[in-house]
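Geometric and topological summary
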Amino acid sequence: MTEKPEILKNIPIDNRSYKIKLRARKNRTDVWRLYLDYYENGKRQIQNLNLHISGTSRTKSKDQENYRVALAIRNKKERELIEKKTGILITKNDKPDDFLHFFKNFAESKPDRNYLISSDHFNDFIGKAQIDFSKVDYQLSEKFKNYLLAMDVTPYTAQHYFAAYKACLNQAVKLGKIEKNPAGELSIKYERRSIERLTAVELEKLKSTDCRFQNIKN
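What this report covers is the structure whose coordinates are included nearby.

1. Regarding the overall build of the protein chain
The number of helices and strands found in the protein chain is 8 helices and 3 strands. Listing the helices and strands of the protein chain from first to last along the sequence gives α-β-β-β-α-α-α-α-α-α-α. Going through the 218 residues of the protein chain one by one, you find that 33% of them count as buried. The contacts in the protein chain between residues at least 6 apart in sequence include a share of 53% that link residues at least 24 apart.

2. Details of the pairing of strand β2 (residues 32-40)
For a regular strand, the rule is simple: side chains alternate between the two faces of the sheet. By the criterion of burial, β2 is predominantly enclosed, with 7 of the 9 residues buried. Bridge count between strand β1 (residues 21-26) and β2: 6 bridges; the pairing is antiparallel. Across the sheet, residue Arg25 finds its bridge partner in β2, namely Arg33. Where β1 folds back onto β2 in an antiparallel hairpin, the turn is made up of 5 residues, including Asp30, whose phi is positive at roughly 65 degrees. The antiparallel pairing of β2 with strand β3 (residues 43-53) creates a hairpin that spans 2 residues between the two strands, and Asn41 there sits at a positive phi of about 55 degrees.

3. Considerations on the sheet that holds β1
Read from one edge of the open sheet, 3 strands run β1-β2-β3, paired in antiparallel fashion. In this open sheet, the two edge strands, each paired with only one partner strand, are β1 and β3. Ignoring which end each strand starts from, the neighbouring axes of this sheet average 30 degrees apart. The strands touched by helix α2 (residues 60-86) are β1, β2 and β3; relative to β3, the strand with the most contacts, the crossing angle is about 155 degrees.

4. Some remarks on the environment of Lys9
You can see Lys9 is positioned in the segment before α1 (11-14). On the basis of relative accessibility, which here comes to 38%, the residue Lys9 falls in the partly exposed class. Aside from chain neighbours lying at most four places away, what touches Lys9 is Glu3 and Lys4. At a separation of 3.2 Å, a polar atom in the side chain of Lys9 contacts the side chain of Glu3.

Cut-offs and rules
Residues numbered from 1 in each chain as written. Predicted model: local features only at pLDDT ≥ 70, side-chain atom pairs only at ≥ 80, totals over all residues. Heavy atoms only, no water. Helix = DSSP H or I, 4+ residues; strand = E, 2+ residues; numbered from the N terminus. Buried < 20%, exposed > 50% of the residue type's maximum accessible area, 1.4 Å probe, protein only. Contact = heavy atoms within 4.5 Å. Pairing = 2+ DSSP bridges. Axes fitted to C-alpha atoms, helices over the stretch in contact; angles between N-to-C directions. Polar contact = N/O pair within 3.5 Å; in protein donor to acceptor, adjacent residues only side chain to side chain.

No statement about biological role is implied by the geometric values presented.
And the structure:
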């Protein structure tokens, strides 16, 4: 059995937060067919894109182009479905947008304060009045991740700030500002703290233990 081409291993990441899923299915000639899988008006829809991935070194450039085109078609289709459902026209500006302004507006729409804090930290990290979406790439995202980790906060807190940044980029993809989340493959790892809880027997034993501070014991 031929192993799945490396570029197709990005599909689970590129499908995150999308209603329309990009899929790939191998045919009898070991070529992978790209198609869209989604629901519209309660019915499952399969849209063949007439794009293929061969997965050979000779076709690497063509495979990358076909994959990029498939994502662009999926993103456009997603915007069309959102427009159809909400009646709100989503347009893509001809000239680059300011990501700082976009991030702030996105953060202000969220009840979680981590979004605004993340936006403020990103402003401090950039150190200038604006930055075009075209400049927000993998390298910049990785530098911002390291910037958060270097701050006087725990990795757990830094992870929340970085997750807010990634969520903003996901929203930008949905609205057609960018084609792909450049931070999609980045994350901040932290150790989960295990909370030790007392057993019922231990609680009863603690309850019967003398304590001169009754308000604390209660």
